[in-house]
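Secondary and tertiary structure notes
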Amino acid sequence: MLDGRGCLPADRVFRDLPELLRAGDLLVFNDTRVIKARLFGEKSSGGAVQALVERVLPGNEVLAHLRASKSPKAGSVVRFAEAFDAEVLGRAGPDEALFHLRFPDDPFLLLQAHGHVPLPPYITHEDAPEDEARYQTVFAERPGAVAAPTAALHFDAALLQALQERGVGRAAVTLHVGAGTFQPVRAENLADHRMHAEWFEVNAATVQAIAA
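Residue positions are counted from 1 within each chain, in the order its sequence is given. Under the rules for a predicted model, residues below a pLDDT of 70 receive no local features and side-chain atom pairs below 80 are neither given nor counted, while totals for whole chains, interfaces and linings still include all residues. Values shown for side chains rest on all heavy atoms present in the structure; no hydrogens or waters enter the calculation.

1. Considering empty space enclosed by the protein
Short version of the rule: Residues are called lining when one of their atoms sits within 4 Å of a cavity or pocket point, these points coming from a 1 Å grid over the protein atoms alone, where a cavity is a set in which a 1.4 Å probe fits but cannot get out and a pocket is an open set with protein on both sides within 12 Å along at least five of seven lines. Grid points are joined across faces, edges and corners, and a volume is the space filled by probe spheres set on the points. Residue polarity follows a fixed list, in which Ala, Val, Leu, Ile, Met, Phe, Trp, Tyr, Cys and Pro are nonpolar, Asp, Glu, Lys and Arg are charged, and the others, Gly among them, are polar.
A complete count under the given rule lists one cavity of 30 Å³ or more for this structure. A volume near 30 Å³ is recorded for the largest cavity. Around the largest cavity, the lining residues are Val 34, Ile 35, Lys 36, Val 117, Asp 131, Glu 132, Tyr 135 and Gln 136. Classifying every residue of the lining of the largest cavity by side-chain character gives four nonpolar, one polar and three charged.

2. Digging into the packing of aromatic side chains
Note the threshold: By convention, a stacked pair of Phe, Tyr or Trp rings (six-membered ring in the case of Trp) has centres within 6.5 Å and planes under 30 degrees apart, an edge-to-face pair has planes over 60 apart, and any other such pair is tilted. Here a strand is any run of E in DSSP of at least two residues, a helix any run of H or I of at least four, and the numbering for each starts at the N terminus. Throughout, exposure labels follow a simple rule: accessible area from a 1.4 Å probe, protein chains only, divided by the maximum for the residue type, with under 20% read as buried, over 50% as exposed, and the rest as partly exposed.
This model, assessed by the stated rule, comprises seven aromatic pairs. With a centroid separation of 5.0 Å and 90° between ring planes, the pair formed by Phe 29 and Phe 155 is classed as edge-to-face. Here Phe 29 is found in strand β1 (residues 26-30), whereas its partner Phe 155 is found in the loop between β9 (142-145) and α4 (157-165), with 126 residues between them in sequence. On the accessibility criterion, Phe 155 (12% relative accessible area) is buried. Both rings, one in Phe 80 and one in Phe 84, keep their centres 5.8 Å apart while their planes meet at 45°; by these two values the pair is tilted. Both residues of the pair, Phe 80 and Phe 84, count as buried. Cluster of aromatic residues (ring-pair linked, three or more members): Phe 14, Phe 29, Phe 139 and Phe 155.

Structure (structure tokens):
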């Protein structure tokens, strides 16, 4: 039986990809980089708090999922990693599922110094130093994601080199994958499932490359 292009189906492996492309073809990659978005801390009462930073905002502010026995209230402070205090500004996001926090310094710097790699739920071991490099694509550049674009983990340097030698072009977009990627569909009607918003950017060079 032929597919839509008049070709017979064939079983292939991912390393065969260069053979399926031609000089002048274009691949567009997501250059997002996973940040160490998971933080462990405690409320002033001593209760444990676990945070997953969903998005970094201007003004040293972030939106985060917080897990605690009792949710912290606006105006309270959470101390993370026994290193810095974050002020709780209130709730935010769809159904107010996120917490709006203000950090005392650049969130990217604080997360890099004190955060943990937000490994997905199906990876059961605690994050280790090597996971910071392993849980990234080979073309990750712009920090902001809490999860890797997992299909892109199939690419390695050798495959990218083979594509380049074949004359296949490369361009980049940035889409910071959010925690919603792990959110199960609980609604009976798919249209009722609430998706999390994600930050993205497509630059002019990529638009021109696609148009060409």
